[in-house]
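Structural characterization, general
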Amino acid sequence: MTKTIPELPTKYDPFATEAKWQKYWEENNTFKADPNQTGDPYCIVIPPPNVTGSLHAGHAFNNSLIDTLIRYHRMRGDNTLYLPGTDHASIAVQTILERQLKAEGKSRYDIGREKFLERAWEWKAESGSTIVNQLRRLGVSTDWTRERFTLDEGLSKAVIEAFMRLYEQGLIYRGNYLVNWCPASQSAVSDLEVENKEVNGNLWHFRYPLTDGSGYVEVATTRPETMLGDTGVAVNPNDDRYKNLIGKTLTLPIMEREIPIVADELVDPEFGTGCVKVTPAHDPNDFEMGKRHNLPFINIMNKDGSLNENAGVFVGQDRFEGRKNVVKRLEEEGVLVKIEEYSHSVPYSDRGKVPVEPLLSTQWFVKIEPLATKTLELLDEHNQPKFVPERWTKVYRDWLVKIKDWCISRQLWWGHQIPAWYAVSETNGEISDNTPFIVARSEAEALEQAKAKFGDDVKIQQDPDVLDTWFSSGLWPFSTLGWPENTPDLAKYYPTSTLSTGFDIIFFWVARMTMMGVHFTEKMPFETVYIHGLMLDENGKKQSKSLGNGINPLLLIEKYGTDALRYTLMRETAGAGQDVRMDYNRETDESASVEASRNFTNKIWNAARFVMMKLGGKTPQELGEPEADKLELVDRWILSRFYQTVQQTCDYLDNYGLGEAAKGIYEFIWGDFCDWYLELVKSRLQGNDENSKLVAQQTLAYVLDGILRLLHPFMPHITEEIWHTLNQVGEEKCLALESYPKLDNSLINSDLEGEFELLIGVIRTLRNLRAEVDIKPKVKITAILQSENEKEREILSKGEVYIQDLAKVEKLNITPSVDAEIGQTIAGVFGTVQVLISLSGVVDIEALSARLEKKLGKLEKEIESTKKRLSKPGFVEKADPKFVEETRNNLAEAEKQAEILRDRLNQLKLN
């Protein structure tokens, strides 16, 4: 499988490498957790994607974050479990199946519940694994042997048990309440499944005449069709305009129904006319007012959004058609006062994508206050869970304080059917609001109880509704570990360690998990909630299906490789909770940032190839660790930088600074190791001093092995491949199960690192000066380094061999002052060190001056042209603002370059 000699192919192939290791890890159950093993538990249960889904940028982002944490803790020696699974997605699956049936000219009622569920399971078997297989492409180190599905037998058992316990404790009840109704899916939806959209509509004003003929009151509404269900008009008791009308009655237009005028402090006298129509069966505020004043509740709407028999002559009309006809009728009766244009917020069903209707309906509810109270106590008294960033704690807390009872029933067939059976024989074979019911763990148990209560001839029928998907998701952290049984997994891995999720799901899922977890286990289900930002598109907008601006991560994986995408997502996570803007070209499906990460993988690959070619066929173990007393200056420097990076990386990862950790590793690998250390030790590797060569080899092998361990959680595939080849090991081992680099403080030397910053800065300045005057790479130069600081001169002297080697300096003079008679030079500055190169004998001054003059002339023409363009009002006003900004930036850069050229020319003339 892996080459037995330490030699890598000349070119890195991410696709073959990634497929190879993903297969290896899964076939060998590399990530199978064992609760009996030692180590502190570290567990994350995957936020279960919908079984209908396919990998999107949000999945890729969150699972890359999680897997980085998981791999890090596994390598740190923790007993680690990353548990995978999917959610059954009631509404989404049902929508797919009903669309299929509609294409066949059928409905779910035509084939019946049993056949419908058969089709659902068939669909799940054929298409439901798409998202799971795509997650595998990310290389996530989940324990696939523990994969769960919210409708599998174990989780279904947990759902029934949770429902039963809540019901037996009086926390689940069945009641007739106003719910958000989605006419498209014909199901109740929770407040959290409603998206408020700002729409341009109308505000209709009309008059209700007083029954005694003494006048009228004026009301206004954005939903005129609901007036058919009005059972009162309310005014504020302190509103002097209407005090004399309180207690009188009005005649409702069209319906000719007598309705009272009531006083209620909820009415805002400053809003509109100060008179509010009250429709208790179709508005949340009116619902509460209706209860306070004992007003009738008249439902005028069917579940498909059409008007019912209570709407009189409008029966059967669609709600929006009925709206037009009601307005027309009010106008004909002479009570329509005016119609205003009005922008207002309209609640839409997140699933059905249509405006929801507040509808009076008999549903199942969970009493939330007792659950929220327990959860709040743990938050306020013990700061559980801990939110990262901390600012989300207040958002979470405020929601728990304001929470309402949770409607948990959904009028669907795909899902956990509510464990309630109705004694239909008591109500003529029909389920009505008054049909007695029994809640039980099974039909047999329900029938036994029903017979005891209603006699042996009783007929029972299970509630056709299913539970809200979020009910089973709320149990996810402990149901997946075996609850309600006290399993070894539950004992070892619960509470879980971290929940990683976006802020937009705090209310949907996080709060429900905390309430359910605390109630059923008396423990917070996770220690930390890591709230990451959202994945934004290339324009900084939230990615969504409705906008059609989603970025398909699989396209980027197929172009650049999984490790490149993962690393990009990590590196962009600067600051906990910050949104991540994805660099992306839609025309070419390319990303400059992911391409840069692909280039990073190539850099690592080529560096590893170089190192292995210089190790004489030996592994790091065979070479042995470098001995401290034999280390040369540059060896001590790279080891100090390595351990500084180890410390920094661990500190960041322990505190969820994943982006900062990724950047720090990049800077060390690309800058310190590849750009400098490899260059600085080349002469020793090619020299005749065998002792110096061995120490260089030992240091190279040791640091490269450490780099692979350090980087593995971020880029698991390429690091696994290189590590196997470097260490010449087969399938008996893998890097994923090796230890993370441990800190060695004795090798950290901050003073030495500061010295090397000076040396590297001087070398870089010398190289830049060489390039500016076009000194050929092989030409040796004479250089002068002038500093009045004695300490700086000592450092430069200690690093003299490195300066001469990397800057191709034949003669180096380190001095406190510069002789005035040094001939023609070009000068630069690094810090307080003046860096000079003698041009005598290495540069044709006249030819160089001519080239610089020509380049300067070209730049000055470009500057003049750009200034003219920017001075034209038409260009600035009409051109794309981004292009205008880019033009200004180009001008500033050109002016800067021209200034540098003038300075160089002046130096040459002075010389």
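Scroll up a little and you will see the structure.
The sections below set out a description of the structure shown in this document. Note that this is a predicted model, so its numbers are computed, not measured.

**Re helix 1 (residues 14–27)**
Along its 14 residues, helix 1 runs 20 Å from first to last C-alpha, staying within 8% of the 20 Å computed at 1.5 Å per residue. All of the buried residues along helix 1 are P14, T17, E18, W21, Q22, Y24 and W25. Burial along helix 1 is one-sided: seen end-on, the buried residues are contained in an arc of 160°. Among the exposed residues of helix 1, those oriented more than 90 degrees off its buried face are K23 and E27.

**Quick notes on the packing of helix 16 (residues 553–560) against helix 18 (residues 592–613)**
Two elements in contact, helix 16 and helix 18, have axes whose closest approach is 10 Å; the angle formed by their N-to-C orientations is 35°. The two elements helix 16 and helix 18 meet at a crossing, and its hand is right-handed. Residue-level contacts link L556, K559 and Y560 of helix 16 to V594, E595 and R598 of helix 18.

**Quick notes on the nonpolar core**
Nonpolar side chains tend toward joint burial in soluble globular proteins. Core analysis: the largest hydrophobic core is formed by 196 residues, its most contacted members being F471 and F673. Tallying contributions element by element places helix 21 (residues 658–686) first for this core, with 15 residues. Those residues in contact with F471 that sit more than four places away from it in its chain are V159, A162, F163, L166, V366, W406, I408 and M516.

**Quick notes on helix 20 (residues 633–654)**
In a regular helix each residue adds 1.5 Å, so 22 residues correspond to 32 Å; helix 20 covers 32 Å between its end C-alpha atoms and thus fits that length. Backbone geometry just downstream of helix 20 places Y656 in the positive-phi region, at approximately 65°.

**A word on the sheet that holds strand 13 (residues 336–349)**
Strands sit in the order 8-7-13 across an open sheet of three strands; the sheet is antiparallel. Of all strands in the sheet, those bounded by a partner on one side alone are strand 8 (216–221) and strand 13. Averaged over all pairs of adjacent strands, the angle between their axes in this sheet comes to 20°, without regard to strand direction. The sheet contact formed by strand 7 (residues 194–209) and strand 8 spans six bridges and is antiparallel. Across the sheet, P209 pairs through a bridge with Y216, a residue of strand 8. Strands strand 7 and strand 13 of the sheet are contacted by helix 8 (residues 319–332), whose axis makes an angle of about 160° with strand 13.

**Things to note about the pattern of salt bridges**
Enumeration according to the criterion identifies 45 salt bridges in this entry. The shortest N-O distance in the salt bridge between K248 and D212 comes to 3.5 Å. Highlighted residues: K248 in the loop between strand 9 (232–235) and strand 10 (249–252) and D212 in the loop between strand 7 and strand 8, separated in sequence by 36 residues. Residue class for K248 comes out partly exposed when judged on its relative accessible area of 29%. Put simply, E161, R165, E168 and R441 are held in one network by salt bridges that share partners.

**Quick look at the packing of aromatic side chains**
Summed over all chains, the structure comprises 33 aromatic pairs. Centroid distance F642 to Y643: 5.0 Å. Interplanar angle 65°. Geometry classified as edge-to-face. Using a relative accessible area of 2% as the deciding quantity, one classes Y643 as buried. Among the aromatic residues, those joined into a cluster by ring pairs are F163, W364, W406, Y422, F437 and F471. Its guanidinium or amino end placed over the ring of F149, K124 lies 4.3 Å from that ring's centre, counting from NZ or CZ. For the cation-ring pair, R571 lies above Y666, with the distance from its terminal atom to the ring centre recorded as 4.1 Å.

**Quick notes on the pairing of strand 9**
Judged by which residues are buried, strand 9 turns out to be covered on both faces: G232 and A234 on one side and V233 and V235 on the other are all buried. Looking at chain direction, strand 9 and strand 12 (residues 275–278) are connected through four bridges and run antiparallel. Paired with V235 across the strands is C275, a residue of strand 12. Where strand 9 lies against strand 11 (residues 257–263), three bridges are found, and the strand directions are parallel. For A234, the partnering residue across the bridge sits in strand 11 and is V262.

Calculation criteria
Residues numbered from 1 in each chain as written. Predicted model: local features only at pLDDT ≥ 70, side-chain atom pairs only at ≥ 80, totals over all residues. Heavy atoms only, no water. Helix = DSSP H or I, 4+ residues; strand = E, 2+ residues; numbered from the N terminus. Expected span 1.5 Å × (residues − 1). Buried < 20%, exposed > 50% of the residue type's maximum accessible area, 1.4 Å probe, protein only. Arc of directions from axis to C-beta. Axes fitted to C-alpha atoms, helices over the stretch in contact; angles between N-to-C directions. Left-handed = near helix turned anticlockwise from the far one by under 90°. Contact = heavy atoms within 4.5 Å. Core = buried A, V, L, I, M, F, W, Y, C linked by side-chain atoms within 4.5 Å. Pairing = 2+ DSSP bridges. Salt bridge = Lys/Arg side-chain N within 4 Å of Asp/Glu carboxyl O. Phe/Tyr/Trp six-rings, centres within 6.5 Å; stacked < 30°, edge-to-face > 60°. Lys NZ or Arg CZ within 6 Å of the ring centre and 35° of its normal.

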